[in-house]
Structure formats: structure tokens, C-alpha cells
Amino acid sequence: MNFTRNIDLFLFLITLAITHSTSQSTTAGDVITITKAINVAKPGCQSQCGNVTIPYPFGIGPGCFLSEWFEITCNTSFNPPRTQIGRLQLLEFTDYTFRLANRVASQCYDPFGNITEDNPARTSVGEASPFSFSQKNQFTLIGCDDFALFLDPVIANFTSGCIALCSKPEEVVNGSCSGVGCCQTSIPKGLKYYYTSVDSMTNSNHTKIWSFDPCTYSFLGEKERFTFNGVSDFMDPNFRNRTMASVPMLVDWVVGNLSCSEARSAGVLACQANSKCVDSDTGVPGYRCICNNGYQGQPYLEPGCQDINECEDPKNLCDGVCTNTPGNYTCRCQDGYVGDGLKSGRGCTKKNSEFPVIKFSLGKLILICWPR
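Okay, so let's go over this structure. Quantities reported herein were computed from a predicted structural model and do not represent experimental measurements. Residue positions are counted from 1 within each chain, in the order its sequence is given. Given that the model is predicted, a residue must reach a pLDDT of at least 70 before its local features are reported, and side-chain atom pairs must reach 80 or more before they are shown or counted; all residues, however, enter totals for whole chains, interfaces and linings. Only heavy atoms go into the side-chain values, all of them from the structure, while hydrogens and water stay out.

### Some remarks on the side chain of Ser 132
Then step 1. Here Ser 132 lies in strand S10 (residues 131-133).
Then step 2. For Ser 132, a relative accessible area of 1% puts it in the buried group.
Then step 3. Pairs of residues are marked as contacts when any of their non-hydrogen atoms sit within 4.5 Å. Contacts of Ser 132, omitting those with residues within four sequence positions, involve Val 125, Gly 190, Leu 191, Leu 250, Val 251, Asp 252, Thr 282 and Val 284. Segments assigned H or I by DSSP are reported as helices when at least four residues long, segments assigned E as strands when at least two residues long, and all are numbered from the N terminus. For every residue, the accessible area (1.4 Å probe, protein chains only) is compared with the maximum for its type, and the residue is labelled buried under 20%, exposed over 50%, or partly exposed between those bounds.

Written out as C-alpha cells, the structure reads:
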């Protein structure tokens, strides 16, 4: 994509940089229980491709996935086999997301300002799909004379971008993406497609900064997976490949296009025993099935989520005897002990472990009592 250098674009990008130079706060970390269930996939279906575990509603082969959007391909022409959803390489599943291999836009120059490399980047997860790019991603631009636009032509009113400026390496701070050498911005809910390309802010095409910044890069990636390393990132000829390998894109997934109440009324709710339905908050219609508290496993397949035996967890709260119950557990003291049985409470002590009570009268010992 070609960008016209004019004052209107400059002012537009300045506004974007001021508005979006910092990213949103990080939400809770991944929940990964569905891939650890006993019944990860439907009976008779392949549950593993290379190093990736495939949980239902996703699946490989006819009858093994919920709908066409959840069909997975195991490409055995690679070693190890590559897990793909459509043409996209899939790296990992969690209970609510999956990770995709990244794509990075780049533009490089020679010392005279000639462009030697120009690679835009784009990714689509399907306009009608139940998938969208998670807000745990952020759009990043690194460079010292550069701007990048980040847009979704499907969402007609969404265009964002970043400016990164600096004139000497001493200005660039490792770990900082406030617009000096590095800029970051958040993305909207429900984003299904993006296109990004980079260009020089000035007509100098990096000639004044080429000695320490010969290339510029932009990409969408998981917030917690990228740390800006300052000038060393500018000078790393492997930055593009390294980032594609280490900073995945996180995609939210939901089931169907109905709310919980609508799916329940229509008799198509996919949630099984000991699970609950939660309406989508991703900006895409649909719902998720989540195991009830005290349960874990596969909420989309019979027999549903399984009870967690908290007593097997050394971090449980019991100081005495732990008794597992459906979805919970109780603590008590064993016979001969008193207390509430809790590590954070009174715990458990022996009934006869009190110190003897010694009474004195006028300096003479008159009685020693041992409580029973």
C-alpha cells in the first residue's frame, strides 16, 4: 500500500500517536484445562497434531468438529506436522483462545535511501467466523523515522496507526514504547482482519539514521510476549523472523452465533453436565461453555466436566483431614484433636497438649492440675 506524505496524514497520525501510544491493561492469564481433559476430542477422532493438542469443538476429519469453522488440518508435509486452521498455522489452544503464528510488516533501506525490502502484512480469521483477534494483542511499530497504518477494511470506520521518531540511538530506551523508537496501540473488539504497512515519515528515507536503524517493522502480537530491546532490535537482521517465531497472535473463539438464552431456547446449547454458559464478550455473537467451580475438563463433550479432587492438591486449605465433595471439599480435625482444621484458622491441636496449670498460695505449692 502506498502512503501519500501530506500534512493531513501527518496530523492524523499525530492524533493517533497521542491517543493510542499506550496499550490497555493486561487481563487475566490463560486458562488451559480443556486440553488436559480425559476426553479432549470426540471418540475415535485424532486429538494431536505434532505438538498441538486439538480439543473439541475443534477437530480433524469428518464428524470430529462442531462446524466448518472449527475444522483443523494436520499438515504432515512438515516435520513435526503443522496444525492449520484454514491456511493459518495454529500453535496452541486454551479454553477461550488459540495462538497463531505471526506475520510482520517490514521496510528496509540502503545508505542512500533506496528501499531494499518492502513487506506488508495481513491476516484474516474469516468475516463470518466465530473468531476475532483478542484485545490481549497490541499493534507495535519500531523505527526512528516511520509511521504505520493499521486498518480493517471490513470495519469501514476503523483505522489506527503509530508514529515512531528519534534522531540518535541515545534517545531510544529499552522497554519503552511511548513513541521514541517504538509505538504501541490497542485494537478494538471484534477485529477479524487487519492490514499493515510501514513507510518513512520524511523524504530522507532513513539516510540520517541508517547507521543504527536500517529497517522498520510493524506487527500485531500478544502483549506479554514482546519486549522492545531498543537499538539492538533495529540492528538485528533476524528481527522479523525472530518476532514471527516468538510473538504469536492471540485469537478469541466462541461457539455459534446465539446467546446462551437463545441457544437454550432453540435446544442447541452445546454445554454439557457440570458446566455453565457464558455469553460472548469478544465483540462477536456467540457463547462459551465453562466448567463449574470445583470441576475441570471438557465442557463440550459428554459426560461433561469432572470433579476436581482438591484433597490431592498440596495447596488446599486443610490443616487436618480433607474430604472431597462434588465440586468442593471440607476440612476437619482428626479424632483426638480440636480446632477448625484450617491452615488459615485455628488449625488442629491435641486435646491433652495444654500446659499444666500450677497454682501457688503464699509462696507454697498447693496444687498441680492437669486438664483433661
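### Comments concerning the layout of surface pockets
Gaps between atoms show up when a probe of the same size as a water molecule is rolled over them.
Then step 1. For each structure, a 1 Å grid was placed over the protein atoms alone; sets of points admitting a 1.4 Å probe that cannot get out are labelled cavities, open sets with protein on both sides within 12 Å along at least five of seven lines are labelled pockets, and lining residues have an atom within 4 Å of a point. Grid points are joined across faces, edges and corners, and a volume is the space filled by probe spheres set on the points. Empty space within the second largest pocket amounts to approximately 230 Å³.
Then step 2. Lining the second largest pocket are 16 residues, with Pro 130, Val 255, Gly 256, Asn 257 and Leu 258 sitting closest to its centre.

### Structural notes on the state of the cysteines
Then step 1. Sulfur atoms of two cysteines make up a disulfide when they are within 2.5 Å. Under the counting rule described, the total for this entry stands at 12 disulfides.
Then step 2. Each sulfur in the disulfide pair Cys 108 and Cys 215 lies 2.0 Å from the other. In this structure the cystine formed by Cys 108 and Cys 215 twists about its S-S bond by roughly 115 degrees; its chirality is therefore right-handed. You can see Cys 108 sitting in strand S7 (residues 104-109) and its partner Cys 215 sitting in strand S16 (residues 215-222), a full 107 residues away along the chain.
Then step 3. The class of Cys 108 is buried, set by a relative accessible area of 6%.
Then step 4. Note on cysteine connectivity: Cys 318 is disulfide-linked to Cys 331, with sulfurs 1.9 Å apart.

### Some thoughts on the environment of Asp 145
Then step 1. Mapped onto the secondary structure, Asp 145 falls in strand S12 (residues 145-151).
Then step 2. A relative accessible area of 7% means that Asp 145 is categorised as buried.
Then step 3. Sequence separation of Asp 145 and Ala 164 is 19 residues, and the distance between their C-alpha atoms is 6.3 Å.
Then step 4. Not counting residues up to four positions away in its chain, the partners in contact with Asp 145 are Ala 164, Leu 165, Asp 199, Ser 200, Met 201, Thr 202, Ser 204, Asn 205, His 206, Ile 209 and Asp 213.

### A few points about the packing of aromatic side chains
Then step 1. Side-chain rings of Phe, Tyr and Trp (the six-membered ring for Trp) are treated as a pair once their centres are within 6.5 Å; stacked means planes under 30 degrees apart, edge-to-face means over 60, and tilted covers the remaining angles. Going through the model one piece at a time under the given rule, you end up with 18 aromatic pairs.
Then step 2. One aromatic cluster in this structure is built from Phe 58, Phe 70, Phe 93, Phe 98, Phe 131, Trp 253 and Tyr 300.
Then step 3. Seen from the ring of Phe 78, Arg 82 lies directly overhead, with NZ or CZ sitting 3.8 Å from the centre. Sitting over a ring, as applied to charges here, requires NZ of Lys or CZ of Arg to be within 6 Å of the ring centre and within 35 degrees of the ring normal.

### Overview of the pattern of salt bridges
Pairing between side chains of opposite charge can happen when the charged atoms of each approach one another.
Then step 1. Whenever Lys or Arg places a side-chain nitrogen within 4 Å of a carboxyl oxygen from Asp or Glu, that contact is recorded as a salt bridge. Tallied over the full model, the rule gives seven salt bridges.
Then step 2. A salt bridge links Arg 99 to Glu 222, with the nearest nitrogen and oxygen atoms 2.8 Å apart. Of this pair, Arg 99 sits in strand S6 (residues 97-100) while Glu 222 is found in strand S16, placing the two residues 123 residues apart along the sequence. Glu 222 matches Arg 99 in its accessibility class, with the two residues each being buried.
Then step 3. Ionic pairing is found between Arg 288 and Asp 252, a salt bridge with its closest N-O pair at 3.8 Å. Taken together, the positions of Arg 288 in strand S19 (residues 287-291) and Asp 252 in strand S17 (residues 249-253) put the pair 36 residues apart, joining distant regions of the chain.
Then step 4. Given the relative accessible area of 10%, Arg 288 is considered buried.

### Examining the pairing of strand S23 (residues 328-332)
Then step 1. Only one face of S23 is covered, namely the one carrying Tyr 329 and Cys 331; the face carrying Asn 328, Thr 330 and Arg 332 has none of its residues buried.
Then step 2. Bridge count between strand S22 (residues 321-325) and S23: five bridges; the pairing is antiparallel. Opposite Val 321, over in S23, you have Arg 332 as the bridge partner.
Then step 3. Following DSSP output, two strands are said to pair if at least two bridges run between them. Here S22 folds back onto S23 in antiparallel fashion, the turn holding two residues, of which Gly 327 has a positive phi close to 80 degrees.

### Description of the sheet that holds strand S8 (residues 115-119)
Then step 1. Here five strands make up an open sheet; going across it, the order is S8-S7-S16-S11-S14 and the pairing antiparallel. On the outer flanks of this sheet lie S8 and strand S14 (182-185), each paired with one strand and no other. Between one strand axis and the next, the sheet turns through 10 degrees on average, direction left out of account.
Then step 2. Looking at chain direction, strand S11 (residues 137-142) and S14 are connected through four bridges and run antiparallel. Directly across from Ile 142, in S14, lies its bridge partner Cys 182. Only the stretch in contact is used when a helix axis is fitted, and all axes are lines through C-alpha atoms; the angle between N-to-C directions ranges over 0 to 180 degrees.

### Re the sheet that holds strand S5 (residues 88-93)
Then step 1. Judged by pairing direction, the sheet is antiparallel, and its six strands sit side by side in the order S3-S4-S5-S6-S17-S10 without closing on themselves. On the outer flanks of this sheet lie strand S3 (73-75) and S10, each paired with one strand and no other. Each strand axis lies, on average, 45 degrees off the axis of its neighbour in the sheet, ignoring direction.
Then step 2. In the sheet, strand S4 (residues 82-85) pairs with S5 via two bridges, with the strands oriented antiparallel. Across the sheet, the residue bridging to Gln 84 is Gln 89, located in S5.

### Focus: unusual backbone geometry
Then step 1. Residue Pro 57 is bonded to the preceding Tyr 56 through a cis peptide linkage, with omega at 20 degrees.
Then step 2. Relative to the helices and strands, Pro 57 resides in the loop between strand S2 (52-53) and S3.
Then step 3. Notably, His 206 is not glycine yet its phi reads approximately 70 degrees, a positive angle.
Then step 4. Of note in the backbone geometry, Asn 274 takes a positive phi value of approximately 60 degrees without being a glycine.
Then step 5. Position of Asn 274 among the secondary structure elements: in the loop between helix H4 (260-265) and strand S18 (275-279).

### Looking at the side chain of Asp 110
Then step 1. Tracing the chain through its elements places Asp 110 in the loop between S7 and S8.
Then step 2. For Asp 110, a relative accessible area of 18% gives the class buried.
Then step 3. In contact with Asp 110, other than residues within four places in its own chain, are Thr 116 and Trp 210.

Purely geometric stuff here, so don't read any function into it on its own.
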